[in-house]
Amino acid sequence: MEGMRSLEKPKVVFVLGGPGAGKGTQCSKIVERFQFEHLSAGDLLRAERAREGSEYGALIDDYIRNGKIVPVEVTCSLLENEMKKSSNNKFLIDGFPRNQDNLDGWNRQMSEKVDFQFVLFFDCPEDVCVGRCLNRGQSGSGRSDDNIESLKKRIATYNNDSMPIIKYFDGIGKVEKIDAKYNANDIFTKVEKIFCNSGFK
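The structure displayed is predicted, hence computed values, not measured ones.

A. Layout of the side chain of Lys-23. Relative to the assigned elements, Lys-23 resides in helix H2 (residues 23-34). Buried within the structure, Lys-23 lacks any salt-bridge partner; its nearest side chain of opposite charge belongs to Asp-94, at an N-O separation of 4.8 Å. Apart from the residues within four sequence positions on either side, Lys-23 is in contact with Val-15, Leu-16, Gly-17, Gly-18, Asp-94 and Phe-122.

B. Local environment of unusual backbone geometry. At the junction of Phe-96 and Pro-97, the peptide bond is cis and its omega measures out at -5 degrees in the coordinates. Mapped onto the elements of the fold, Pro-97 is located in the loop between strand S3 (90-94) and helix H6 (100-109). The phi torsion at Gln-35 lies on the positive side, around 55 degrees, for a residue other than glycine. With respect to the element layout, Gln-35 can be found in the loop between H2 and strand S2 (37-40).

C. Region of interest: the packing of aromatic side chains. Within the structure shown, the criterion is met by twelve aromatic pairs. Seen from their ring centres, Phe-14 and Phe-96 are 6.3 Å apart, and the 65 degrees between their planes marks the pair as edge-to-face. Here Phe-14 is found in strand S1 (residues 11-17), whereas its partner Phe-96 is found in the loop between S3 and H6, with 82 residues between them in sequence. Take Phe-14: its relative accessible area is 1%, and that puts it in the buried class. The exposure class of Phe-96 is buried, given its relative accessible area of 1%. Joined through ring pairs, the aromatic side chains of Phe-14, Phe-96, Trp-106, Phe-116, Tyr-168 and Phe-169 make up one cluster.

How each quantity is defined
- Residues numbered from 1 in each chain as written.
- Predicted model: local features only at pLDDT ≥ 70, side-chain atom pairs only at ≥ 80, totals over all residues.
- Heavy atoms only, no water.
- Helix = DSSP H or I, 4+ residues; strand = E, 2+ residues; numbered from the N terminus.
- Buried < 20%, exposed > 50% of the residue type's maximum accessible area, 1.4 Å probe, protein only.
- Lys, Arg positive; Asp, Glu negative; His and termini not counted.
- Salt bridge = Lys/Arg side-chain N within 4 Å of Asp/Glu carboxyl O.
- Contact = heavy atoms within 4.5 Å.
- Phe/Tyr/Trp six-rings, centres within 6.5 Å; stacked < 30°, edge-to-face > 60°.

Shown next as structure tokens:
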């Protein structure tokens, strides 16, 4: 049976929502409850940027500092490497695809290799998101982008680039939308129902 598993394409759920929508918190709950592996595109890029001798380091640094989206080939390669290294077969991909270029790149590079499930979309009002990020910055998240200037850029980028992606997936009936302004436990009750209804136990 073990040999069979390798033939099964990994199941992938995309997790999208604005900065501060609570994606990270919910992802850790999903990991605990449904044994998914959580791949954060941002964390992978930050780790790669910091890695000694990374061929992509300086390039990633430049993009992140300017609030721009890193070229999709880089992000897809990092995601694919993590999936290959893992013994898990269920992945949450958090903060990706963020724009049309990301989506096109994913479709070219990855869509044949995975079993895409749905987009988990955390819909959260802008003021709530900003408040959460600023609190996170003040309590020492260590993230250089948890400040009001970077946030404004990130939210504008999200509205311009990511919302059309969510609309696209919605159009093909692949979005599970969660109202993310509530507290984390209430939100997770809804998340749990979605995963159970999709056949995850």
